[in-house]
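What follows is the residue order along each chain.
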Amino acid sequence: HKDAYQVILDGVKGGAKEKRLAAQFIPKFFKHFPELADSAINAQLDLCEDEDVSIRRQAIKELPQFATGDNLPRVADILTQLLQSDDSAEFNLVNNALLSIFKMDAKGTLGGLFSQILQGEDIVRERAIKFLSTKLKTLPEEVMTKEVEEFILTESKKVLEDVTGEEFVLFMKILSGLKSLQTVSGRQQLVELVAEQADLEQTFNPSDTDCVDRLLQCTRQAVPLFSKNVHSTKFVTYFCEHVLPNLSSLTTLVEGLDIQLEVLKLLAEMSSFCGDMEKLESNLKKLFDKLLEYMPLPPEEAENGENAGNEEPKLQFSYVECLLYSFHQLGRKLPDFLTAKLNAEKLKDFKIRLQYFARGLQVYIRQLRLALQGKTGEALKTEENKIKVVALKITNNINVLIKDLFHIPPSYKSTVTLSWKPVQKADTSQKRATEDTTSSSPPKKASAGPKRDARQIYNPPSGKYSSNLGSFSYEQRGGFRGGRGRGWGGRGNRSRGRIY
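Residues numbered from 1 in each chain as written. Predicted model: local features only at pLDDT ≥ 70, side-chain atom pairs only at ≥ 80, totals over all residues. Heavy atoms only, no water.

J.: Is there a simple way to explain the state of the cysteines in this structure?
T.: A covalent bond between the sulfur atoms of two cysteines is what we call a disulfide. In this structure the tally under the stated criterion is zero disulfides. No disulfide involves Cys240; its sulfur sits 7.6 Å from the nearest other cysteine sulfur, which is in Cys274. (Disulfide = S-S within 2.5 Å.)

J.: Would you explain the environment of Val148 in this entry?
T.: Checked against the element boundaries, Val148 lands in helix α9 (residues 146-159). For Val148, a relative accessible area of 6% gives the class buried. The spacing of Val148 and Leu110 is 38 residues in sequence and 8.7 Å in space, taken between C-alpha atoms. The contacts of Val148, once residues within four sequence positions are left out, are Ala106, Lys107, Leu110 and Val143. (Helix = DSSP H or I, 4+ residues; strand = E, 2+ residues; numbered from the N terminus. Buried < 20%, exposed > 50% of the residue type's maximum accessible area, 1.4 Å probe, protein only. Contact = heavy atoms within 4.5 Å.)

J.: Looking at this structure, how should I read the nonpolar core?
T.: Buried together is how nonpolar side chains tend to be arranged in soluble globular proteins. In terms of nonpolar packing, the biggest core is built from 147 residues, with Ile26, Leu79, Ile152, Phe235, Phe327, Leu338 and Ile402 touching the most fellow members. Residues within four places of Ile152 in sequence aside, it is in contact with Leu110, Phe114, Leu136, Met144, Ile174, Leu175 and Leu178. (Core = buried A, V, L, I, M, F, W, Y, C linked by side-chain atoms within 4.5 Å.)

J.: Honestly, the packing of aromatic side chains in this entry has me stumped. Any pointers?
T.: Aromatic ring pairs are described here by two measures, namely the spacing of the ring centres and the angle between the planes. All chains considered together, the criterion is met by 15 aromatic pairs. Aromatic pair Phe204 and Tyr238: ring centres 6.2 Å apart, planes at 90°, arrangement edge-to-face. With a gap of 34 residues between them, Phe204 in the loop between α11 (184-198) and α12 (209-222) and Tyr238 in helix α13 (residues 233-243) connect regions that are remote in the sequence. Assessed through its relative accessible area of 8%, Phe204 is described here as buried. In this structure an aromatic cluster arises from ring pairing among Phe288, Phe327, Phe337 and Phe350. (Phe/Tyr/Trp six-rings, centres within 6.5 Å; stacked < 30°, edge-to-face > 60°.)

J.: Explain the environment of Leu21 here, please?
T.: Looking at the element boundaries, Leu21 is found in helix α2 (residues 16-28). Separated by 34 residues in the primary sequence, Leu21 and Ile55 have C-alpha atoms spaced 9.4 Å apart.

J.: Would you mind going over the pattern of salt bridges with me for this structure?
T.: By the definition in use, this model includes 18 salt bridges. A salt bridge links Lys19 to Asp50, with the nearest nitrogen and oxygen atoms 2.7 Å apart. Placement of the pair is Lys19 in helix α2 and Asp50 in the loop between α3 (37-48) and α4 (53-62), with a sequence separation of 31 residues. Of the two residues, Lys19 and Asp50, both sit in the buried class. The partner of Glu384 in a salt bridge is Lys388, and the shortest N-O contact between them spans 3.0 Å. Of this pair, Glu384 and Lys388 both sit in helix α19 (residues 383-406), four residues apart, which is roughly one turn of the helix. (Salt bridge = Lys/Arg side-chain N within 4 Å of Asp/Glu carboxyl O.)

J.: In this structure, what is going on with unusual backbone geometry? I would like to understand it.
T.: Most peptide bonds adopt trans geometry, and most residues besides glycine take a negative phi value. With an omega of -5°, the peptide bond running from Ile408 to Pro409 counts as cis. Note on placement: Pro409 falls in the loop between α19 and α20 (455-458). Backbone geometry at Asp199 places phi at a positive 55°, although glycine is not the residue there. Here Asp199 is to be found in the loop between α11 and α12.

J.: Can you help me understand helix α15 (residues 280-293) in this one?
T.: Residues that lie three or four places apart on an α-helix share one face, since the helix turns once every 3.6 residues. The terminal C-alpha atoms of α15 lie 20 Å apart, and with 14 residues this matches the ideal 20 Å at 1.5 Å per residue to within 8%. Within the span of α15, buried status applies to Leu280, Asn283, Leu284, Leu287, Phe288, Lys290, Leu291 and Leu292. Buried residues along α15 sit in contact with α13, α14 (259-271), α16 (317-331), α17 (337-341) and α18 (344-372). (Expected span 1.5 Å × (residues − 1).)

On their own, these measurements won't tell you what the molecule is for.
Here's what the structure looks like:
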């Protein structure tokens, strides 16, 4: 019957009716004629590219029937290229066909997808990555075996040698969703991958927007991976040594982004999970010096007690919350920093700054409480009140941390939840975080224990204290295309056209 099958294959050169019949019968009898396998697949491909959309759809729908044995990676490769279709019905058929052959042989299918990601056209690469980022998580465990996940990790590492920022975010989403990487060692592997992408060995250039955006993008991906067992030390060290000293020079192309606050927020989040640091004292000093920049001295007073013409310094609460929190977290590792590592004059200067800031804080906290008094439900959802609620949380956090540092010797025991983070349920061992914050100046001695329950003070809804309330997204994009080292820009020339 070989001749009869050849007639069916030749049908692809006929009219619309012949092509429709060929689209059905070529796959139906395919397995009976292994010696005509290549001709059959090529004939079906011709139908997948036909001008008549109904013939194309029929041909694509039947493609999984060709995915047997050694033919499967080739079919996966073909289907991946067909992802570039702009016809939604056709595109869905390609997606379904890929998923069906995934269940036959996941590694073979992934081979076809990764082959196109590494060598295909940009549109195909983009859609293949998107397919992996959205569909892998829908596959059952019997398909996503440990061996399959290891293959995904190996192939992803090859792709990560040359990616754009947006692609990097998608690959981190793919990899962090793999079951085998949910372990401590798996998360550690992911952190190392991110550190490699961030290129923490390079000299930091604050005026190079690509360099800055790359570091921020990578750090955003790393932050959710850190824990008490997976340390952020490498990133925190880099931020203290290279980024903080250049904070005021940072530049970005992302419109409306307060780049300095963004950096400080990331540092604050990472500081909780910092392990043993080699140059702890030196980095703590850099952090302390940066904190002083935002903790002004009180303006000098004239003899009559009035302000001697100097303007009241502007208190930047959002910046101070981040810096004070980071200093408080790292200070725990070197508790005598303020008393033994600073001279008496510097410590006195710091206490004056703390006291002045705390006074301004108390005034502001009272104003905020007054403004929010009696407001509930819908009233708290207005834009103005949302900002006030967040501002109250920021100011209360700062207040708690200042009180800690005013103890003799300075204490590092209080626990606060950063204002933009969801509130954690207070643990009994963390009651210090809920002390009263209404005193007009910081206490000179450590409190004997928790005072009246002021827990509600620290737990207003979370957010970001600025006119732009949206908490920053770990997947914020932009600014990664254009030439740059190690491939975070335009990738090298790729082959074009059909490479079935």
